[in-house]
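# Coordinate inspection notes
So the chains spell out like this:
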Amino acid sequence: MSNVNWLTTLGILPLLGAVFVAFLPKTNALAAKRAALATTVFVAIAGIAMATQFQRDNVDLQFVESHSWIPTFGINYAVGVDGIALVLILLSVLLAPIVVLAGWNEASGGRWSAKTFYILILILETMMIGVFAATDVFLFYVFFEAMLVPVYFLIGGFGTGKRSAAAVKFLLYSLFGGLLMLASIIALYVISGEQGGHTFDTVTLSHLQISSTTQNFLFLGFFIAFAIKAPLWPFHTWLPDAADAATPGTSVLLLGVLDKVGTFGMIRYCLTLFPDATKTFTPVILVLAVISIIYGAFLAIGQTDFKRLIAFTSISHFGFITMGIFAMTTQGHSGATLYMFNHGFSTAALFLVAGWMASRRGSSKISDFGGLQRVTPVMAWVFFFAGMSSLALPGLSSFVSEFLVLVGTYTRYPVAAIVGTFGIVLAALYILIPIQRSLHGPIMPGNEGLTDLNLREKIAIAPVIAIILVLGFYPSPLLNVINPTVTHNLSVTGHTDPAPSIEKAGK
Amino acid sequence: MSSFTAPVLIYSLLAPILIVLGGAVIGVMIEAFASRKIRPVLQLSVTIGTLVLAFAQVWHIRHQETASAAMGSAVVDGAGVLMQGAILFIAILGVFLIADQENFTVIAAAVPGSEEETQSIQSGEQLTEVYPLTLFAVAGMMLFPVSTDLITLFVALEMLSLPLYLMAGLSRRRRLMSQEAALKYFLLGAFSSAFFLFGAAYLYGYAGTVSLSGIGAAITAANGNTVFLLIGIAFLSVGLLFKIGAVPFHAWTPDVYQGAPTPITAFMAAATKIAAFGALLRIFYVGFENAYWDWRPLITVIAIITMLFGSVVAIAQRDIKRMLAYSSIAHAGFLLAGVLALSKAGLDASIFYLIAYGVATLGAFGVVTLVRDSSGEITDLNRWAGLGKRSPFVATLFATFLLAFAGIPLTSGFIGKFSIFSAAYENGNKSVVIVGVLSSAIAAYFYIRVIVLMFFSDPVEDGTSVIIPSFLTRLSIVTAFAITIFLGLFPAPLLNFISSTAIFIR
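The present account deals with the structure reproduced in this document. (Residues numbered from 1 in each chain as written. Chains lettered and ligands numbered in written order. Predicted model: local features only at pLDDT ≥ 70, side-chain atom pairs only at ≥ 80, totals over all residues.)

Moving on, we come to the overall build of chain B. What chain B contains, in helices and strands, is 20 helices and three strands. For a compact globule of 506 residues, the expected C-alpha radius of gyration is about 23 Å, and chain B comes in at 22 Å, within 12% of that figure. With the C-alpha coordinates aligned to their principal axes, the bounding extent of chain B is approximately 75 × 55 × 40 Å. The 506 residues of chain B split such that 60% are buried. Long-range contacts, defined here as pairs at least 24 residues apart, represent 81% of the contacts in chain B between residues at least 6 apart. (Helix = DSSP H or I, 4+ residues; strand = E, 2+ residues; numbered from the N terminus. Rg over C-alpha atoms; globule rule 2.2 N^0.38 Å. Buried ≥ 20, exposed ≤ 12 C-beta atoms within 10 Å, placed from the backbone. Contact = placed C-beta atoms within 7 Å.)

Here it is, written out as structure tokens:
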């Protein structure tokens, strides 16, 4: 099977789907939806098929392809995946069909036809696969920046409320970070030229000798871009607005996949390219991560709107992921990677249900709901389940990852882990309070006529629930893929787990 | 008794310029002798034919490098050939836009608002003088980057400028503004020419020669009066920086860009920039190479303030043409980074950037010519609101050009920006790169604002519409669009061609 160009095929399929959709008549929204659904389902199947070919114990990049793209600058179209990238590509291809199916009527409130909506979604899927698969820093940057354009039009064109302002805010924040990263990339290019020839190959770049001052600056260029993307306090202010204005499906892709590019980039680029600078900045970043956890959680408690609430919970969760990464232990990294995957699904569940509730009620304000459990039992239960997943109830997948992150952090930075643990307590508050208000109690006026989930919505949410449950009890299929890469990454960059210490009895 | 030796000119190598000049003369003949009816068609075909023929000749001589094509006054080398080719290509696309005569007055000499003017417009006749003027300007532009002595440079500078001064005043609508633009351009241009000559005189005083390589050799020998050299470099730079619109010599740019007929603005913005930067690069790379440490601080400061000023002031603009003018100022700053690089990589990057930027600029102004109401073009940004709804195709094209200006990946602008900044960084100009990146972020704001306006605002009901463009206009804009995307996806062929071709011979 080695002669199949898995990653290129996977990346190009959605693009072909987009071209196909572009040729459909504008008035026939149904055909566009069906074509988009068929494409994304097919890509998901292809993605799973690819994952079965992945050799778990091989720490080298797999499914590697490399073609010269711009030889003048030593730029290659080079793709390949390690365990972490594979997991994130799986996340992207699995979420895409769910988003298309769940948001079947999302495009109707847009400025443009449904056709445009699905073209943008499919182009975005191509770029999501590309950004995780790229092993050439320049190629990564191209996907990193270019994917802003479809998201920008998805938010500004199909969102609600102050959609254009939110879209512009999102784009300008991301562009600013991206341009800082571009400056760092240019510097890397020049340094590589001084040390044996211009290249953008990630592996070659990681062997460069860079003075510590330069490393610090370059690290910051990359890190700020990723911290804006992830988003980490204090770079987060674009996210609540964007999540509020975007359609639920777009929000799922934005928070579930796109923001993961930030945390993925921290592992793939910050750590491996600038190991010394990473050590220098680790304390600062851990503080930011802990602040994000607590700050996001507190602000989530104070929200009156479901969409903004979910956005702030995500800021808290991204704090956990960042903390796990910069703890520099194997558990921390495995937990953070698993967290990225799990957070994608639990956020998807939350956002989709919140979207369904909002579209039925015509409002996403928490105070507009009450007693949903009696009116729409299935929807209420799904929301409850999603909430439990978000607060990391044992038995659900997010528990495994949150636990790993905290354990991994504690072995090296106990204070950060302990403060971070408060985030779990606060999570109970920000999830249980809205659940109590909206699902229980007397039926609020205006809620009587709400309809329960229909078959399409049930089908869309079923795989999400299944994945959350299965991985909660049996996370090893993913961990087996992630762990070898994590161990390899940490050993290459010179980190070892702290040895376990046991207090001698009787002292 | 010394005998007179006739100058040796290698006509085949000078042919591209001579062909264009010949075409211009034929154009003047047509004005004089052909009947008014057939003039438009005749002029257009002669002009296009001339440009294509010249382009073919440039392609033909691309490998015949020599410094003595015209007694050491003009040179044929890779960099010169590339720039001549780029100018001709831009000129062809520009003439396609100029062919849409709706933008031009019929009798430029008529008093604005007079009976004579009204009658001339009602007569349905067309202004065909613009074609030979364009050809004269193109010939000057082609000579400018291949001139190797200061006198030829000055002649070329005047040859390209004088027709442009006239062409800026030919707008059919808002005649007074157009004439004001022409006058302003002429007066400030005359000033800058004076500066140029002044600088040239000092350099002659320093080196005892006007040839660039001679000045270069004199700098290496370092036995002249350094004060003369510095004054010479400074004043010569002022003359050139004026042409490229660098701060603080930019004041004419917004007014002229706004006042000139839009097809002329398109041609001027794209082609003049290539010609002027071509000459600037040659002068600094060949003539002043060894005085790098003397001019580097000056050009660094100018590059930085040009980038920042252009980006910041563009934010406040309410007129699309003025906004594009300030954006062109910012781009002049980015291009100065390529001059600062002073390396082969810098030269390659500058040429690529000039081509990418020139094509996108032409396309963007081409789109501006299409958005009109009953009284002509609409350049007020507020009235562009909702354009994406009414004409999604045109709005998408314009958005693409804006994204290319902003340097978003998968457009030509990104590759250009990357290559020019990396070349500048390689030679230690970190401050320029950092300011460049930051001002790109600022510039992104006003490009995106226009996209928001076109796509995310509701249309205003004021009769704004996109006219159905003529075939030639369509061809020009779509070609520019295709090149912008193609160079973003597959820049390798052009980059390879440039890097294997572009050298300055001394």
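Below, the discussion takes up the overall build of chain A. Helix and strand counts for chain A stand at 21 helices and two strands. For a compact globule of 507 residues, the expected C-alpha radius of gyration is about 23 Å, and chain A comes in at 22 Å, within 12% of that figure. For chain A, the C-alpha atoms occupy an extent of roughly 75 × 70 × 40 Å along the three principal directions. Within chain A, the proportion of its 507 residues that are buried is 62%.

What follows deals with the interface of chain A and chain B. Across the contact, 27 residues belong to chain A and 25 residues belong to chain B. Only strand S1 (62-70), helix H5 (137-146), helix H6 (148-158) and helix H7 (163-194) of chain A provide two or more residues apiece to the side of chain A that touches chain B. Looking at which element gives the most residues to the side of chain A that touches chain B, the answer is H7 of chain A, with 15 residues. Split into classes, the residues belonging to the side of chain A that touches chain B amount to 21 nonpolar, five polar and one charged. (Nonpolar A, V, L, I, M, F, W, Y, C, P; charged D, E, K, R; others polar.)

Now for the sheet that holds strand S1 (residues 371-373) of chain B. Read from one edge of the open sheet, three strands run S2-S1-S3 (chain B), paired in antiparallel fashion. Where the open sheet ends on each side, the last strands, each with one partner, are strand S2 (376-377) and strand S3 (465-466) of chain B. (Pairing = 2+ DSSP bridges.)

Another point: the pairing of strand S2 (residues 75-81) of chain A. Residue and element names in this part refer to chain A. Within S2, six of the seven residues are buried, leaving the element largely enclosed by the surrounding structure. Sheet topology note: the S1/S2 ladder contains six bridges and is antiparallel. Its bridge partner lying in S2, Ser 66 is registered against Ala 78. Between S1 and the antiparallel strand that follows it, S2, lie four residues; Gly 74 among them carries a positive phi value of about 70°.

A few words now on the nonpolar core. Side chains that are nonpolar tend, in soluble globular proteins, to be buried together. Of all hydrophobic cores here, the largest spans 407 residues; its most connected members are Met 147, Ile 186 and Val 353 of chain A together with Ile 87, Ala 139 and Ala 337 of chain B. Ranked by residues supplied to this core, first place goes to H7 of chain A with 20 residues. The residues contacting Ile 186 of chain A, other than those within four sequence positions of it, are Phe 418, Phe 421, Ser 422, Tyr 425 and Val 433 of chain B. (Core = buried A, V, L, I, M, F, W, Y, C linked by C-beta atoms within 7 Å.)

Glancing now at the environment of Ala 207 of chain B. All names here are of chain B. Topologically, Ala 207 is positioned in helix H7 (residues 175-207). Look at Ala 207 and you get buried, because 23 C-beta atoms sit within 10 Å. Taking C-alpha positions, Ala 207 is 56 Å from Ser 375, a pair spaced 168 residues apart along the chain. Here Ala 207 is in contact with Gly 214, Ile 215, Ala 218 and Gly 224, once residues within four sequence places are set aside.

Before going further, it helps to examine helix H4 (residues 115-122) of chain B. Since the α-helix packs 3.6 residues into each turn, any two residues three or four apart lie on the same face. Across the eight residues of H4 of chain B, zero count as buried, placing the element largely on the outside. Gly 124 of chain B sits one or two residues past H4 of chain B and shows a positive phi near 75°.

With that out of the way, let us pick up the packing of H6 of chain A against H7 of chain A. Residues and elements named next belong to chain A. Contact geometry for H6 and H7: axes closest at 8 Å, N-to-C directions at 160°. Taken together, the axes of H6 and H7 lie roughly antiparallel to each other. Handedness of the crossing formed by H6 with H7: right-handed. For the pair H6 and H7, contact is made by Leu 148, Tyr 152, Ile 155 and Gly 156 and by Arg 163, Ser 164, Ala 166, Ala 167, Phe 170, Leu 171, Ser 174 and Leu 175, respectively. (Axes fitted to C-alpha atoms, helices over the stretch in contact; angles between N-to-C directions. Parallel < 35°, antiparallel > 145°, perpendicular 65-115°, else oblique. Left-handed = near helix turned anticlockwise from the far one by under 90°.)

With that settled, consider the packing of helix H2 (residues 29-53) of chain A against helix H4 (residues 114-133) of chain A. All names here are of chain A. At a minimum axis distance of 8 Å, the contact between H2 and H4 shows a crossing angle of 15°. Accordingly, the angle class assigned to the pair H2 and H4 is roughly parallel. Remark: the crossing between H2 and H4 carries left-handed chirality. Residues Ala 29, Ala 32, Lys 33, Ala 36, Thr 39, Thr 40 and Val 43 of H2 touch H4, and the partners they reach there are Ala 114, Lys 115, Tyr 118, Ile 121, Leu 122 and Glu 125. Among the residues forming the contact of H2 with H4, the class breakdown is eight nonpolar, two polar and three charged.

With 11 of 11 residues buried, helix H11 (residues 248-258) of chain A lies mostly within the body of the structure. Residues Pro 248, Gly 249, Thr 250, Ser 251, Val 252, Leu 253, Leu 254, Leu 255, Gly 256, Val 257 and Leu 258 of chain A constitute the buried set of H11 of chain A.

Turning our eyes to something else, we now look at the environment of Ala 311 of chain A. On the secondary structure map, Ala 311 of chain A appears in helix H14 (residues 306-326). Distance from Ala 311 of chain A to Asp 244 of chain A, taken between C-alpha atoms, is 8.0 Å for residues 67 residues apart in sequence.

Trans peptide bonds make up the majority, and among non-glycine residues the majority have a negative phi. Residues and elements named next belong to chain A. Cis geometry marks the peptide bond from Ala 230 to Pro 231, where omega comes out at -20°. You can see Pro 231 is positioned in the loop between helix H9 (212-229) and helix H10 (238-245). Cis geometry is adopted by the peptide bond preceding Pro 234, which originates at Trp 233 and carries an omega value of 0°. On the secondary structure map, Pro 234 appears in the loop between H9 and H10.

What follows concerns the environment of Leu 143 of chain B. All names here are of chain B. For Leu 143, the position within the fold is in helix H5 (residues 130-143). The buried category is assigned to Leu 143, around which 28 C-beta atoms lie within 10 Å. Along the sequence, Leu 143 and Pro 261 sit 118 residues apart, while their C-alpha atoms lie 25 Å from each other. Residues contacting Leu 143, with those up to four places away along its chain left out, are Ile 17, Ala 74, Ala 156 and Met 159.

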